[in-house]
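A look at the structure
Okay, here's what each chain looks like letter by letter:
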Amino acid sequence: MKKPSLLKMVCVVLLLCAAMAIASPAQVLTTLHSFAGGDGASPLFAGLVQATDGNFYGTTVAGGAYNSGTVFKISFSGTLTTLHSFNGADGAASYAGLVQATDGNFYGTTIAGGASNTGTVFKITPSGTLTTLYSFCSQANCADGTNPRAGLVQAIDGNFYGTTFGGGANDEGTVFKITPSGGLTTLYSFCGQANCADGQHPLAGLIQATDGNFYGTTWYGGANDEGTIFKITPSGALTTLHSFGYLDGGYPYAGLIQATDGNFYGTTFQGGAGNCGCGTVFKITASGTLTTLHSFDYTDGGYPDAGLIQATDGNFYGTTFQGGAGNCGCGTVFKITASGTLTTLHSFDNSDGSFPYAALVQATDGNFYGTTTLGGAYGDGTVFRLVLLRACIVCPATE
């Protein structure tokens, strides 16, 4: 009997694989952990960071031993370890995610707690030893800022840069620099221009772009009081690149990413075309030319609070706080191309989580990981994994 060729055997396997892929959903979401209060609750705006040890690290805004939030570690398989429970004195309610610095430790912020109950900057080791580096409102009239909602970025100079929602010279928020040892410098106080044309109340953190400058957003202020996109130099010279006008988006909660094409991409919480006003995805050049790529209509998601990530396939992925298929309106995970074609990948139904505020992370296994603020088995939020199933290659039926 003639043996089948190796090519033919491979084709049979691939054809079977293709048939299975056609019969399967395009993606599979798995809930890795449901928070239950004691181990944390409501990982609000904080996404995950995959550390050099392969595990994921994150924060919750509530729960823990003192109901003031936690720092946690979670493995690929979903084993969660609470590394620290905030107690108020060392911070409370960590809204933002962590950054792993070049020293191997994690750095983050809390929106409350600390010496003046107006938030902190902290360092925590992978084993859970926490050090409060700075308590905000340590200066007269809170000139150093208050209530940082956003996380930090470690710049090429080794220092960390971030924003505060309030405080500063005009009580409209700040941009600051802080050294790894806790020395803080206020670089800019918002509402420093006439009619607050430079923006007010930054909710998001910064990114350092390839030009060495930092780019970010403000939730309010600007020419139309609907938020701005700005550039700021490491020395604190700020330029407003764009003022949102609702039709092109409004009230950006999230920060920016710089994509491989050199442009910046982000989301707005509200505004956009149509009657929904459910937010947008946009692109903006370094010189300030903005293009609205997509306006959400609620059925495909609504009110994106989180920013985007660019995945290894070149597309962008994100979450919306509300909207999606079904009656829940509990939020979505989506993919969008650089040209603006959006695909809703998953609609949450509360049992698998609800209201994802935070951005995704693409891990070393190629899958996406994230958090939801509520929902899950106990209603206190979840950690999830989203696996995208790719169609198999079908080879020609030749010898």
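Here's a quick rundown of the structure. Just so we're clear, the structure is a prediction, and the values are computed from it rather than from any experiment.

Before going further, it helps to examine the packing of aromatic side chains. Evaluation of the coordinates by the stated rule reveals 30 aromatic pairs. Taken together through their ring pairs, the aromatic side chains of F45, Y95, F165, W219, Y220, Y251, Y253, F269, Y303, F321, F355 and Y357 make up a single cluster.

With that settled, consider the pairing of strand 3 (residues 56-60). Within strand 3, 5 of the 5 residues are buried, which leaves it mostly tucked inside the rest of the structure. Because side chains alternate across strand 3, one face comprises the buried residues F56, G58 and T60, and the other comprises Y57 and T59, equally buried. Between strand 2 (residues 49-50) and strand 3, which follow one another and run antiparallel, lie 5 residues, and G54 among them has a positive phi close to 90°. As paired elements, strand 3 and strand 4 (residues 70-74) share 5 bridges and run antiparallel to each other. Bridged to Y57 within strand 4 is K73.

Reading across the sheet, the 4 strands line up as 14-15-16-17 and stay open at both edges, with antiparallel pairing between neighbours. In the strand order of this sheet, the two ends are held by strand 14 (207-208) and strand 17 (238-243), each with one partner. Bridging between strand 16 (residues 228-232) and strand 17 involves 5 bridges; their strand directions are antiparallel. Residue pairing in the sheet places I229 in a bridge with H242 of strand 17.

This part covers unusual backbone geometry. If you check the backbone angles, C137 has positive phi at about 65° while not being a glycine. Tracing the sequence through the fold places C137 in the loop between strand 9 (130-135) and strand 10 (153-154). Backbone geometry places C196, a non-glycine residue, at a positive phi of 55°. With respect to the helices, strands and loops of the structure, C196 is situated in the loop between strand 13 (184-189) and strand 14. According to the relative accessible area criterion, C196 is buried, its value standing at 11%.

Let us now look at the pairing of strand 7 (residues 106-110). Counted residue by residue, strand 7 has 5 buried out of 5 residues, so it is predominantly covered. The alternating pattern of strand 7 places F106, G108 and T110 and Y107 and T109 on opposite faces, both of which are buried. As defined by bridge partners, strand 6 (residues 99-100) adjoins strand 7 across 2 bridges and the pair is classed as antiparallel. Residue Q100 lies in a different strand from strand 7, and its bridge partner there is F106. Between strand 6 and strand 7, which pair antiparallel one after the other, the connecting turn spans 5 residues, and G104 there sits at a positive phi close to 90°. Pairing analysis gives 5 bridges linking strand 7 to strand 8 (residues 120-124), with the strands arranged antiparallel. Looking at strand 8, one finds that T110 is bridged to T120.

Applying the stated criterion to the full structure yields 4 disulfides. Two residues, C191 and C196, share a disulfide whose sulfurs are 1.7 Å apart. Linked covalently through their sulfurs, C328 and C330 form a disulfide whose S-S length is 1.6 Å. On the S-S bond that ties C328 to C330, the torsion sits near -55°, and the link is left-handed.

What follows deals with the pattern of salt bridges. Applying the stated criterion to the full structure yields 1 salt bridge. For R149, the salt bridge goes to D305, with nearest N and O atoms at 2.9 Å. Remark: D305 occurs in the loop between strand 21 (290-295) and strand 22 (309-310) and R149 occurs in the loop between strand 9 and strand 10; sequence separation between them is 156 residues. With respect to class, R149 is no different from D305; both count as buried.

An order of 18-19-20-21 is seen for the 4 strands of this open sheet, with the pairing classed as antiparallel. With one partner strand each, in any of the chains shown, strand 18 (257-258) and strand 21 form the two edges of the open sheet. Sheet topology note: the strand 19 (residues 264-268)/strand 20 (residues 280-284) ladder contains 5 bridges and is antiparallel. Residue pairing across strands places F264 opposite I284, the latter belonging to strand 20.

Bringing the nonpolar core into the picture now. One broad rule of soluble globular proteins: the nonpolar side chains tend to lie buried together. Counting residues in each nonpolar core, the largest one holds 23 residues, and the members touching the most others are Y265, V281, F296, L308, F316, F334 and I336. Dropping the residues within four chain positions of it, F316 is found in contact with I257, A259, Y265, L308, I309, Q310, F334, K335, I336, T337 and A338. Counting residues in hydrophobic clusters, the runner-up holds 13 residues, among them A311, L345, L360 and F368.

This next bit is on the side chain of T163. Within the secondary structure layout, T163 lies in strand 11 (residues 160-164). Judged by its relative accessible area of 1%, T163 falls in the buried class. Reaching out from T163, the side chain makes a polar contact with the backbone oxygen of A204 at a distance of 2.9 Å. With residues up to four places along the chain from it excluded, the contact list for T163 reads P148, A150, T174, V175, F176, P202, A204, G205 and L206.

Right, let's talk about the environment of C137 for a bit. Residues C137 and T120, 17 residues apart in the sequence, show an inter-C-alpha distance of 9.5 Å. Leaving out residues up to four positions away in the same chain, C137 has contacts with S116, T118, C142, D144, G145 and T146.

Secondary-structure assignment places G151 in the loop between strand 9 and strand 10. Note on G151: relative accessible area 17%, which makes it buried. Along the backbone, G151 and T332 are 181 residues apart, and their C-alpha atoms lie at a distance of 23 Å. Those residues within four positions of G151 in sequence are excluded, and the remaining contacts are A96, G97, T109, Y161, G162 and G205.

About the thresholds
- Residues numbered from 1 in each chain as written.
- Predicted model: local features only at pLDDT ≥ 70, side-chain atom pairs only at ≥ 80, totals over all residues.
- Heavy atoms only, no water.
- Phe/Tyr/Trp six-rings, centres within 6.5 Å; stacked < 30°, edge-to-face > 60°.
- Buried < 20%, exposed > 50% of the residue type's maximum accessible area, 1.4 Å probe, protein only.
- Helix = DSSP H or I, 4+ residues; strand = E, 2+ residues; numbered from the N terminus.
- Pairing = 2+ DSSP bridges.
- Disulfide = S-S within 2.5 Å.
- Salt bridge = Lys/Arg side-chain N within 4 Å of Asp/Glu carboxyl O.
- Core = buried A, V, L, I, M, F, W, Y, C linked by side-chain atoms within 4.5 Å.
- Contact = heavy atoms within 4.5 Å.
- Polar contact = N/O pair within 3.5 Å; in protein donor to acceptor, adjacent residues only side chain to side chain.

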